[in-house]
Each structure stands twice: as structure tokens, then as C-alpha cells.
Amino acid sequence: MLAVLRRHGGRCTRSARGIVKGCRAYAVPASLLEDLTYRGFVHHVTRPEALQAALKSKPQVVYAGVDPTAGSLHIGHLVPLMCLLHFQLRGHKVIPLIGGATGRVGDPSGRKTERQPADTNQVANNVASLTKSIQTFFQRAFVYADARTSNNEELSVLPSVTSNLDWHQGISLLDFLQTVGIHARVNTMLNRESVRARLTSQRGLSFTEFTYQLLQAYDFYHLHKHIGCSIQVGGSDQWGNILAGIELIGRLENPSAPEQSSELEPKAFGLTTPLLTTASGEKFGKSAGNAVWLDENLTSVFDFYQYFVKVDDADVERLLKLFTLLSRSEIVTIMEAHSAQPESRIAQRRLAAEVTEMVHTHKGVARAQTLTNLLFESKYDGLTANQITSAFEQDPRLVMVDEEELLDSPIMKLAAKYRLVSSASASRNLVQARGLYVNNRTVPGPLYKVTKPELIDGRVAILRAGKDKILVLVANASQTP
């Protein structure tokens, strides 16, 4: 089971994984719904006063769906996942639900055209991959949260990731129509925003997509009946689907109740989160059509970190509230410091460090920050050879060489040999233009060789051509005393 950091007498101790973290206070407001609203998670909510009372009365069961259109999570998924994390931190049970069945149908919400028919095997593979990704997210998020919250035993229980194929595959069409279809009113279904938008389009809406809201409604009912799930969380485009689920629960729990009866009001609630967009209205996390993935094999830890370092000033405070567990007072302090020196990007750097630690652990933050210093800020002071090689792990710009070659070969020749520049003549021209550097010092001439005292930690020479092309040469450890 997950080794989380436990506190003793106000201090953080070393965990079984050897992680040592300084504890920071996370001021927990009295009301979960108030905190979610402050942080920007609430777009719409059904019966807010009744939901508030339910949250205070006893632990609730909450679920949020994940569409298996890809095999990995991207930063757009952080909104519902962080929302679930807040519920768990307050003692509620959370269920990440993957649409292993509904993913084969395709949700029309927010789409102008119908999805291509999903390949069954691909959906199954995506479900398996997403299950592992979600489990990894919560494992790491718990370590992150434990360093910022106080005495929360809920962090020792990982959420149970579920696929709705588990129950949909056992229902026949006739059974589904008798159970769900009989309670569905076509005029109500036609008035859903996701349906109305598509009915006016040139290609219209297929019957398959039209029934999607009934499948999702049944998910809510099934979880409500068998697990006691009372809250569904989804994006703002899921509002109609969530309402369909609440209505179905009411009708199936009180089948004899008349239309518009107060008896049809179930103990079930819906909460939608805003769709993640930038201040300019563009979909957040997309760049030239490419998502920023949580899987480091698809988006490197460095690129993930840099994405948040580069967010606009207009977006950074909102993302600090959404994607971190920093307290309100700490966010205010960060934004005040940022406003005083916006050119230093204080808020963006803190945002990047917090989110990267949560998604990629503190080691990921260290690697990303080391690479940032080397690539963009040329800050080499205090770096060790191990830090540098760890940061450049599997990066082709890192080359291990014999110490003899590193010390006895002119820097100009090394730059050409290891392809920092295209040729020996290009390297010579760069030296003459005073544009070739070793460990932040200009290479003075074509025959210049680096000495051992000039190496970082006695082993590393960082060659730089111009402003941003670098080559990291590291003497093999076996070659050093």
C-alpha cells in the first residue's frame, strides 16, 4: 500500500520511500462546497443547500466519468480528478468511472459531428491503460496532499477505478428498454443542449448518440443503487446527462409517484465543472492539436513543467486554485509577489513546481528545474554531476565520454564530434564569432581545452552554441578518482 508521509509533533518524517518533505499548512475551510466554489470547480450544482446538508451529515459517494478516447490522461482531466481529490480529503468515497461501454457509443456533448465508430479492442486497451494512469495519479497525489494537509487517514485508501462495461454488457436491449426507456420522455431528451445543437446541424444526430444520455443516466442509477453513490461530477457539457441520471434515480426509486411530485426528488446531486480554457477562450492543454499528457512517455516531465511556467498571467491565479492544494492565504501571497515582479514569473514557477510534484513526484520537479536552469537560465552553481545526468536521462544531448578525451581534446573538436554543430568548420566559425561556450565561459580559441577544475563537480562540461543549443559531456565515473 502507498507509503505516505506521517506527521509526529508537527514535523514530517521520512517515509518508507525515503522521501523527506517540509510540511506546509493547508487551511481547510468549514464547507467543502464553499472551497470548491472558491477554487473554480463549480459551474452548476443541483439543489446546493440540500447538497451542503448532505455533505455535512455523513460521508457521501462521488463519481466522475473518464471517456476512453485515448490511453492516457491529459491536463484537462486534472479538473475532475482534482475535484475528486478534494472530496476524498474531506472523508468522502470517490469513484473514477471509465466509460468502457459508453466509449463505444460516443458522447455527442460538445461535438458538432459524430465520432468515428470505436474499435472494441482499442477501447478495452484504453480502459486498461487509463485504469493504471488514474491509480498512479492518486498514489502520487496522496503523497503530495499528505505534505499539505493534516492527519487524513483517507489518504491510505486508493479509489476503486471502475468501468461501466461491468454492468452494461450484461443488460439486454429489452431489459434496458423496460428498466430505463419506459421512464425516458422523448420531448425532455430532445431539449437537452447536446441534442438540440446537433439536430440543427447538417448531418443531424444518430439514434446511437441520441441514446447516450440514457446510458450515462443508468450509470448513475446503478452506482446509486449498488454502492450508494449520491453525487456525480462532470464537465459543464455533461449537465443534461447528469440531470437525466438524477431523474432516472427518482423515477426508479418511486415508480408510483405522479409527474412533478416532490417524491421524485431523489437524494442524488450533480456538480459540473467549467471546461478548461485559457483567458482568450482557447481549449486549455492543446497546442497545435496536441494535448499535454500526464504520461511522461508522451509529454516529458520537462515539457510538462515548462507548459505551466509559460501560462499567461491572466490564467495563473485560476490554475493555482484549481491545480494545487495551496491555501487561500498562500495563493494571495504568491500573487502579490508576482504582481510586484511579473517578469520573474513567480506565480508560474510555483504553479509548475506544485503540479509537477503532484503528477511526477518531487524527483520530477528536481529534474525539470535542473533542466530549466541549464537550458534557459545558465545557472550551474551548486549542481552535481548526478543531478545533471539524472535530469538528462535518455536525452540525446547527454553524452558519456572518457575523462582523457574530455580533457585532452579541444572544445571546438568535441562540439563537432558530438553534433552540437554540423561540422568542424562550423565549430571553428562559432569560436571565431565568440558564440561557443563551455560551462558559461566563452571558448577563447580553436585549440582551447577545458581543465579539470573548470568541470562542474569535476566531471561535467556543458557546451553551448548560441543561446539555446547545448551538449552535456560527462566523464565516466570510472575514469575519475
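Residues numbered from 1 in each chain as written. Predicted model: local features only at pLDDT ≥ 70, side-chain atom pairs only at ≥ 80, totals over all residues. Heavy atoms only, no water.

Asker: Any details on the overall build of the protein? Residues and values, ideally.
Answerer: The number of helices and strands found in the protein is 20 helices and 15 strands. Out of the 481 residues in the protein, the part that is buried amounts to 51%. The contacts of the protein with a sequence gap of at least 6 include a subset with a gap of at least 24, amounting to 72%. (Helix = DSSP H or I, 4+ residues; strand = E, 2+ residues; numbered from the N terminus. Buried < 20%, exposed > 50% of the residue type's maximum accessible area, 1.4 Å probe, protein only. Contact = heavy atoms within 4.5 Å.)

Asker: If you had to explain the pattern of salt bridges to someone new, which residues and values would you point to?
Answerer: Overall, the coordinates contain 14 salt bridges when judged by the stated rule. We note a salt bridge from D35 to R39, for which the minimum N-O separation is 3.4 Å. In this pair, D35 and R39 are both assigned in helix α1 (residues 32–39), four residues apart and thus about one turn of the helix distant. Each of the two residues, D35 as well as R39, counts as buried. Across the pair R318 and D315 runs a salt bridge whose closest N-O atoms are separated by 3.1 Å. (Salt bridge = Lys/Arg side-chain N within 4 Å of Asp/Glu carboxyl O.)

Asker: Can you break down the sheet that holds strand β15 (residues 469–475) residue by residue, with the values?
Answerer: Here we have five strands laid out as an open sheet, ordered β11-β15-β14-β12-β13, and mixed in their pairing. Unpaired on one side and paired on the other, β11 (398–401) and β13 (441–442) mark the two borders of the sheet. In terms of strand pairing, strand β12 (residues 436–438) meets β13 through two bridges, oriented antiparallel. From the neighbouring strand, Y437 faces β13, where its bridge partner is T442. (Pairing = 2+ DSSP bridges.)

Asker: Can you break down the nonpolar core residue by residue, with the values?
Answerer: Among the nonpolar cores identified, the biggest contains 65 residues, and F87, F137, F308 and F323 are the most heavily contacted of them. Considering every element that reaches this core, the biggest residue donor is helix α5 (residues 120–146), with ten residues. In contact with F87, other than residues within four places in its own chain, are L32, L36, L55, V62, H92, V94, I231 and V233. Counting residues in each nonpolar core, the second largest holds 26 residues, with L97, V195, Y221 and L248 among its members. (Core = buried A, V, L, I, M, F, W, Y, C linked by side-chain atoms within 4.5 Å.)

Keep in mind that these numbers describe shape and distance, not what the molecule does.
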